[in-house]
Amino acid sequence: MLSNQGRNGGKRKSLHGHWSSRMAFILAVTGSAVGLGNIWKFPYIAGQNGGGAFVLVYLLCVVLIGMPVMMSEILIGRRGRRNPIATMELLGKEEGSSGHWRWVGLIGVLAGILILSYYSVIAGWVLVYIVKSAQGAFVGADSDTVSAIFAGFTGNWLSVTFSHTVFMALTVFVVARGVERGLEQAVRFMVPALLVLMLTLLAYSINSGHFMEGVDFMFTPAWDKLGWGSVLAALGQAFFTLSIGMGAIMAYGAYLPEDTSIMGASGAVVVADTCIAILAGLVIFPLVFANGLDPAEGAGLVFHTLPLAFGKMAGGVIFSTLFFILLAFAAWTSALGLVEPAVAWLVEQFGRTRSQAAVIVGSLIWLAGMGSVLSFNVLADVSFLAGTIFDNVDYLTSNIMLPLGGLLITIFAGWVMCRNSTADELGGAGTTYKMWRVLARFLAPIGILIVLFNAI
Ligand code: PHE
């Protein structure tokens, strides 16, 4: 095979520089993985899909499909050292297949843009909740008051547009400055701090008197409630929360030093991400039951339960403000991963500066995001296929584009790339390599196909 041809004495360099250390890479990928997906989305999707059985399938998807896809993405990214579109094209040709593999990169760029279009809207809500928390709006509030605050805010399209705009501006700002410094610093502080606050909340929810009810809901599988639709939702959530299937991790992999273990780094990220999601569930569901709320209430779930809990806590104003600040940081570091493939592509392919690329991509996403902004107010009654515009963009990206991207990525890494190339990136042909190869060649693609096929 042609695996080593044109590799500049074996090893390429990325145009955008490299992570300063293994830790920097792990932090960046963790920053991309840990976000609204863990704290906002996981509890509400689990709630809508009946809890226990969904959570179990989600965990299986993370380990058996998510992990090999993540490793494949990193190894492809590091081998190509370009933006995901150029990398797929280059490696496609180099491995004796075809340059058409660039389409995988292109679908990924599009998925990133679509995801951020609604992600930014929710992140905007988080920004507003920082202010509301600091003003003491939730102190002593009951469920109806918290609901009314949420409905009052999201029902006003101008306010939602404003917060969406602020979040997009923040994202463009950091992306324009270049990823390395700002990102590393933010994540180094954010993930541990978030963990501490979640543990504080956990202590509160353990004392809510309904903790076991929450645990039961999350971990006792009611298999009869699990249809293929829920299995697809679990698969989609696994992809979404790990940031895989759209090239974000591939783009980050392009900046990874040669000597870093891909298996080790992926493992660390997957464990951290999963722990935060489970922790979020353990915090949210007991609060749902303690307050007689509905676990299936949807996208507003976290914005309903958490302010209620903070409102009754001593020092709630401070904790609550801090919590939403951290959540905003988590969303911010995830947003960077969502735009990185598009930005790196514009820079490499069209010779744009990073700032220009960030502004172009950011404006496009902002515009696309208006569809989701209006889904909660003016166009709340417009419903087709999966629901509102927001629901459809979410369904299309998480449940279709990401799994499809992951499918093609594992097929590429497992079947198109020759053994020497992948073994070279994964540090030799030992047992872990063999395990990865079986998962990437058989279990992951077949699993994804079965779920997609049955659910659609
Ligand atoms: N993983 C992020 C989250 O859980 C979302 C994301 C998806 C980020 C895809 C980058 C790429 O919030």
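Our structure's up above, just so we're on the same page.
First, a word on scope: everything that follows refers to the structure included in this document.

About the criteria used
- Residues numbered from 1 in each chain as written.
- Predicted model: local features only at pLDDT ≥ 70, side-chain atom pairs only at ≥ 80, totals over all residues.
- Heavy atoms only, no water.
- 1 Å grid on protein atoms, 1.4 Å probe; cavity = no way out; pocket = protein on both sides within 12 Å on 5 of 7 lines; lining within 4 Å.
- Points joined across faces, edges and corners; volume = space filled by probe spheres on them.
- Helix = DSSP H or I, 4+ residues; strand = E, 2+ residues; numbered from the N terminus.
- Nonpolar A, V, L, I, M, F, W, Y, C, P; charged D, E, K, R; others polar.
- Near = heavy atom within 4 Å.
- Polar contact = N/O pair within 3.5 Å; in protein donor to acceptor, adjacent residues only side chain to side chain.
- Areas by Shrake-Rupley, 256 points an atom, 1.4 Å probe, with all protein chains shown as cover.
- Sits in = over half its atoms within 2 Å of the grid points.
- Core = buried A, V, L, I, M, F, W, Y, C linked by side-chain atoms within 4.5 Å.
- Buried < 20%, exposed > 50% of the residue type's maximum accessible area, 1.4 Å probe, protein only.
- Contact = heavy atoms within 4.5 Å.
- Arc of directions from axis to C-beta.
- Axes fitted to C-alpha atoms, helices over the stretch in contact; angles between N-to-C directions.
- Parallel < 35°, antiparallel > 145°, perpendicular 65-115°, else oblique.
- Left-handed = near helix turned anticlockwise from the far one by under 90°.

## Notes on the layout of surface pockets
Of the pockets and cavities examined, the largest pocket occupies roughly 420 Å³. Forming the walls of the largest pocket are 23 residues, and the residues nearest its centre are Tyr44, Ile45, Gln48, Asp391 and Asp394. With six residues, the single largest contributor to the lining of the largest pocket is helix α16 (residues 389–416). Residue classes in the lining of the largest pocket are distributed as 10 nonpolar, nine polar and four charged. The volume enclosed by the second largest pocket comes to roughly 180 Å³. Lining the second largest pocket we find Val57, Leu60, Cys61, Leu64, Ile65, Val231, Phe442, Leu443, Ile446, Gly447 and Val451. Listed by contribution, the elements that provide at least two residues to the lining of the second largest pocket are α3 (52–80) and α18 (431–455).

## So, the site of the ligand
Taken together, 14 residues surround the ligand, and among them Ala33, Gly37, Tyr119, Phe240 and Ser243 come closest. With respect to the ligand, the backbone of Ser32 contributes an N or O atom lying 3.1 Å from a nitrogen atom. A distance of 3.5 Å separates an oxygen atom of the ligand from a polar atom in the side chain of Asn38. Protein contacts shield 100% of the accessible area of the ligand, which totals 330 Å² for the unbound molecule. Its atoms largely coinciding with the cavity grid, the ligand occupies the largest cavity. Listed by contribution, the elements that provide at least two residues to the shell around the ligand are α1 (22–33), α2 (36–48), α10 (228–242) and α14 (316–350). For the shell around the ligand, the element with the highest residue contribution is α2, accounting for three residues. Of the residues belonging to the shell around the ligand, the class tally is seven nonpolar, seven polar and no charged.

## What about the nonpolar core?
Of all hydrophobic cores here, the largest spans 162 residues; its most connected members are Phe54, Ile76 and Phe323. Those residues in contact with Ile76 that sit more than four places away from it in its chain are Thr87, Met88, Leu91, Met250, Ile409, Phe412, Ala413 and Met417.

## Overview of helix α9 (residues 211–219)
Residues Phe211, Gly214, Val215, Phe217 and Met218 constitute the buried set of α9. What you see down the axis of α9 is that its buried residues fit within an arc of 160 degrees, all on one side.

## Examining the packing of α2 against α16
At their nearest, the axes of α2 and α16 sit 15 Å apart, and the two run at 95 degrees to each other. The angle between α2 and α16 places the two elements in the roughly perpendicular class. Residue-level contacts link Trp40, Lys41 and Tyr44 of α2 to Phe390, Asp394 and Ser398 of α16. Tallied by class, residues from the contact of α2 with α16 come to three nonpolar, one polar and two charged.

## Considering the packing of α2 against α3
Axis separation between α2 and α3 bottoms out at 8 Å; the angle between their running directions is 130 degrees. Classed by the angle they form, the pair α2 and α3 counts as oblique. Our pair here, α2 against α3, has a crossing hand that is right-handed. For the pair α2 and α3, contact is made by Phe42, Ile45 and Ala46 and by Phe54, Val55 and Tyr58, respectively. Among the residues making up the contact of α2 with α3, the classes are represented as six nonpolar, no polar and no charged.

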